[in-house]
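Analysis of the macromolecular model
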Amino acid sequence: MRKVVFGGANSLDNYFARKDDAVDWLLWSDEVSKIMADYFKTFDTIVMGRRTYEVAVASGHGGGSYGGMKTYVFSRTLKPRSTRKLEITSEDVADVVGRLKQQEGKDICIMGGGLLAKSLFEADLIDEIGFNIHPVLLGSGIPLFYEMNRQIDLELIDCKTLKTGCVLVTYRVKHEAEKKTGAARKTPRRKKSASS
């Protein structure tokens, strides 16, 4: 079964972007570029909401597609359409992601969209989260996490300090079924990299 991963870069106070979608506070470096290049090799599908899609198109990702990956955009206002690399749909995101998980392929990336992720967390479809936490308090903006209908328990897989002062964290989501049966799946910790 394919893994569903929610990730991105965020401020320490839980924001993806400023209220106007600006991400001028992000700290880019060669180290981050390498990490992102390796990260995207594990995916062949991207899932996002309308707002993230519009920001992606405005920032030069033609058609909202990333590196030729199949991109699903969930929107109640955009006109549905489907091409080989882009699908805009008003279907329920949990239904679609549940189907995609069962298909053959690489992992599925949930990009941006804290509200989109909320519905997937509540449907118990997200398997892993990974964030590049920036050393900044924005004070306001577009939230990373929204209030959910239940607690989500996590298991730390990896934590790495970057040269920029950011902290890269990866957690496995403990699914409801395993919590009920007590059958915790052991995930081997990734080897820690010494920061330089």
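Look up a bit, the structure's there.
The sections below set out a description of the structure shown in this document. Because the structure is predicted, anything quoted here is derived from the model rather than measured.

**A few points about the side chain of Ser 11**
Inspection of the secondary structure puts Ser 11 in strand 1 (residues 4-11). Since its relative accessible area comes to 0%, Ser 11 is described here as buried. What Ser 11 contacts, discounting residues up to four positions off in sequence, is Trp 25, His 134, Val 136 and Leu 138.

**Side note on the pairing of strand 10 (residues 154-161)**
As paired elements, strand 10 and strand 11 (residues 167-173) share seven bridges and run antiparallel to each other. Across the sheet, Cys 159 pairs through a bridge with Val 169, a residue of strand 11. Between strand 10 and strand 11, which pair antiparallel and follow one another directly, the connecting turn spans five residues, one of which, Gly 165, has a positive phi of 95 degrees.

**Remarks on the nonpolar core**
Counting 27 residues, the largest nonpolar core has Phe 6, Val 47, Ile 110, Leu 120, Phe 121 and Ile 126 as the members making the most contacts within it. For this core, the elements supplying multiple residues, two or more each, are strand 1, strand 2 (15-17), strand 4 (70-74), helix 3 (93-102), strand 7 (107-111), helix 4 (114-122), strand 8 (128-134) and strand 11. Of the residues forming this core, the biggest block, five residues, is contributed by helix 3. Among residues more than four places away in sequence, those in contact with Leu 120 are Val 93, Ala 94, Val 97, Ile 110, Leu 125 and Ile 126.

**Section: the side chain of Lys 70**
Of note, Lys 70 is situated in strand 4. Setting aside anything within four residues of it in sequence, one finds Lys 70 in contact with Asp 44, Thr 45, Ile 46, Ser 82, Thr 83, Arg 84, Lys 85, Leu 86 and Glu 87.

**Some words on the pairing of strand 4**
Here is the key point about a regular strand: its side chains alternate between the two faces of the sheet. Taken across its five residues, strand 4 has five buried, putting it largely inside the fold. Where burial is concerned, the two faces of strand 4 agree: the one with Lys 70, Tyr 72 and Phe 74 and the one with Thr 71 and Val 73 are both buried. Both strand 3 (residues 43-49) and strand 4 contribute to a ladder of five bridges, which runs parallel. Its bridge partner being in strand 4, Gly 49 is matched across the sheet by Phe 74.

**A closer look at the pattern of salt bridges**
The final tally for this structure, using the stated rule, is 16 salt bridges. Here Asp 44 and Arg 2 are joined by a salt bridge, their closest N and O atoms 2.6 Å apart. Remark: Arg 2 occurs in the segment before strand 1 and Asp 44 occurs in strand 3; sequence separation between them is 42 residues. Residue Glu 176 is joined to Arg 150 by a salt bridge in which the shortest nitrogen-to-oxygen separation is 3.0 Å. Placement of the pair is Glu 176 in helix 5 (residues 176-181) and Arg 150 in the loop between strand 9 (142-143) and strand 10, with a sequence separation of 26 residues. Of the residues examined, Arg 150 reaches a relative accessible area of 23% and is grouped as partly exposed. Within the structure, one salt-bridge network assembled from shared partners comprises Lys 3, Asp 107 and Glu 128.

Rules used throughout
Residues numbered from 1 in each chain as written. Predicted model: local features only at pLDDT ≥ 70, side-chain atom pairs only at ≥ 80, totals over all residues. Heavy atoms only, no water. Helix = DSSP H or I, 4+ residues; strand = E, 2+ residues; numbered from the N terminus. Buried < 20%, exposed > 50% of the residue type's maximum accessible area, 1.4 Å probe, protein only. Contact = heavy atoms within 4.5 Å. Pairing = 2+ DSSP bridges. Core = buried A, V, L, I, M, F, W, Y, C linked by side-chain atoms within 4.5 Å. Salt bridge = Lys/Arg side-chain N within 4 Å of Asp/Glu carboxyl O.

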